[in-house]
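These are the residues of each chain, in order.
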Amino acid sequence: MSVTYHAVGWSTFKKRYDLILWLGIVLFLVVFCGVSLFLFPKVTLEILLIRAFGSAAFLLLHIILCIGPLARLHRHFLPLLYNRRHMGVSLFILALLHGFLSWITYHAGGDLNPFVSLIVSDAGPGISRFPFQIFGVMALVILFLMAATSHDFWLVNLTAPFWKAMHMLVYAAYAFLVVHVVFGAIQAETHGILTGLVGGGMVVVLGLHLVSGWREHKPDNQPLDSRLDQGFIEACRVADIPENRARIVSIAGERVAIFKYDGKVCAVSNVCQHQNGPLGEGKIVHGCITCPWHGYQYLPETGASPPPFVEKIPIFKVKIQNGIVHISALPEMPGTYVEPASIEMEGI
Amino acid sequence: MIRPLRIRHRYIISCLTIIVPVVAVCGLLMRPERPIMQAHPEAASHHSHHSHASGEKITFSQLKNVSISRVGHSSGIHIVNRGPLTYPDVLLYWTPEEPTAAWEPTSSSLLVGLLPDQGGLSYEMGPILTSGGTWVIYSLGHKKLLDQSRNTFSF
């Protein structure tokens, strides 16, 4: 969290995260090249690198896509979420290396303009007679867009909802890359292991999204009218909220994070203003609600970030009756002071 | 995420769950029946070729330095050239037809790979190895058929 823009908001955690990330990438590339040279000793250097970078990028995309639903299913995966943007930029670098080497190797040595060759070469009797390379290019363009706009400058100026919607193009990139791999590499490499790995990756990515989505679908679709009582809605038991943490409830599809701290209960929108991260999965740090994704902080009484920060989130009125937390169905304006409900006054 | 984005996210995942597996299955079904040529790992070296050779060998009438032998009883071949090549971009094809002097690669012909320049190379052929046809040595640079020989490898 910062009032000014930095190229990279380095912290000890992020440096350690990136170190592990790139050590993992280098280790994968070394092992991949070693195994490939053992199995195919006549493989040329450029083909080896094309395969290594392409495989690393495709694997990293799977990991990135799994982090979101995994973090939804269990909070132990949340640390992976904090620096996912660095992972995305690393993915783009690997994909770019794969694409550039492929372009030079297969399209730069002929009579045709290399750009024209890239577009028309799949029309002939190639690997699959299907334009699989174009799908790779389209995925690369999306990954470039995402990497180029991963900076907070774009996040603020494009606004979080638009930025988030734009970054959902990653799913289109995933679909394009499945087409690229299935109609490209898998047409030539008919070994069952490669097909199994691609199919397994598909099952894991889509399966995790479906499971996490299914778990959240039911509470998101509960009707509001049946639960309303004088403008308030029964949310949860005080005892169900961990100390300095939150319980997330859904009101007409929008999520509210109910925090318990210092003998008090407050309720705020679950959506962080920074990147729409789930505030209810964060915790109270130094008296502030802290987003689990990038550490953006809000005061629990107002929903406003402590000065000099200017972010504000909607806040809800709260009351406790017989150990049950009730919250107002409609939020107050962001930044409005709302007295937290005292647990002691209710005699709990 | 805010509700509109969560709804959009849900639709995207629902569509992907249908589209991606269908695309993958289509890709697998569209795989060409003929094998894609690749180096034969068991016969990658000259030594292993000799130790696994089945004795079946195909020679050519013009390019007498070139021979194709079968690797053991597998579907791999080892092609050897013991003399210098005097044509550019010399390739080995298999074709089901009987080529004429003006032959050029067709959609039914199969590019096996490079003819090595004074050395040996191994290729995995798959079931096509025992399906008759003709081996063609073709100069891509001159677009000229250099030599041909019937495929006589037995089952």
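Residues numbered from 1 in each chain as written. Chains lettered and ligands numbered in written order. Predicted model: local features only at pLDDT ≥ 70, side-chain atom pairs only at ≥ 80, totals over all residues. Heavy atoms only, no water.

### A few points about the pattern of salt bridges
All names here are of chain A. Here is the rule we go by: The salt bridge criterion pairs a side-chain nitrogen of Lys or Arg with a carboxyl oxygen of Asp or Glu, the two atoms within 4 Å. Runs of H or I in DSSP of at least four residues are treated as helices and runs of E of at least two as strands, each being numbered from the N terminus. Each residue's exposure class comes from its accessible area (1.4 Å probe, protein chains only) as a fraction of the maximum for that residue type: buried when under 20%, exposed when over 50%, partly exposed otherwise.
On inspection of all chains with the given rule, the structure shows three salt bridges over all chains. Linking Arg-72 and Glu-281 is a salt bridge whose minimum nitrogen-to-oxygen distance equals 3.1 Å. In this pair, Arg-72 sits in helix H2 (residues 45-73) while Glu-281 sits in the loop between strand E5 (264-269) and strand E6 (283-285), placing the two residues 209 residues apart along the sequence. Two residues, Lys-317 and Glu-332, come together in a salt bridge whose shortest N-O distance is 3.9 Å. Placement of Lys-317 in the loop between strand E9 (315-316) and strand E10 (318-321) and of Glu-332 in the loop between strand E11 (324-328) and strand E12 (341-342) is noted, with a sequence separation of 15 residues between them. Looking at Glu-332, the relative accessible area reads 23%, which means it is partly exposed.

### So, the sheet that holds strand E7 (residues 134-139) of chain B
Residue and element names in this part refer to chain B. Quick reminder of the rule: Strand pairing is defined by DSSP finding a minimum of two bridges between the two strands. The convention used is that axes are lines fitted to C-alpha atoms, helices contributing only their stretch in contact, and that angles between N-to-C directions extend from 0 to 180 degrees.
Spatially, E5-E4-E7-E8 is the arrangement adopted by the four strands of the open sheet, whose pairing is antiparallel. The sheet terminates laterally at strand E5 (110-114) and strand E8 (144-150), the two strands that pair on one side only. On average, adjacent strands in this sheet sit at an angle of 25° to one another, irrespective of strand direction. The pairing of strand E4 (residues 90-95) with E5 spans four bridges and is classified as antiparallel. Within the sheet, the bridge partner assigned to Leu-91 lies in E5 and is Leu-114.

### Side note on the side chain of Thr302(A)
All names here are of chain A. Which entries qualify depends on this criterion: Any two residues having at least one pair of non-hydrogen atoms within 4.5 Å are treated as being in contact.
Secondary-structure assignment places Thr-302 in the loop between strand E8 (297-298) and E9. According to the relative accessible area criterion, Thr-302 is buried, its value standing at 15%. In this structure Thr-302 touches Ile-313, Ile-315, Pro-334, Gly-335, Thr-336 and Tyr-337, once residues within four positions along its chain are discounted.

None of the figures reported here should be taken as evidence of function without further support.
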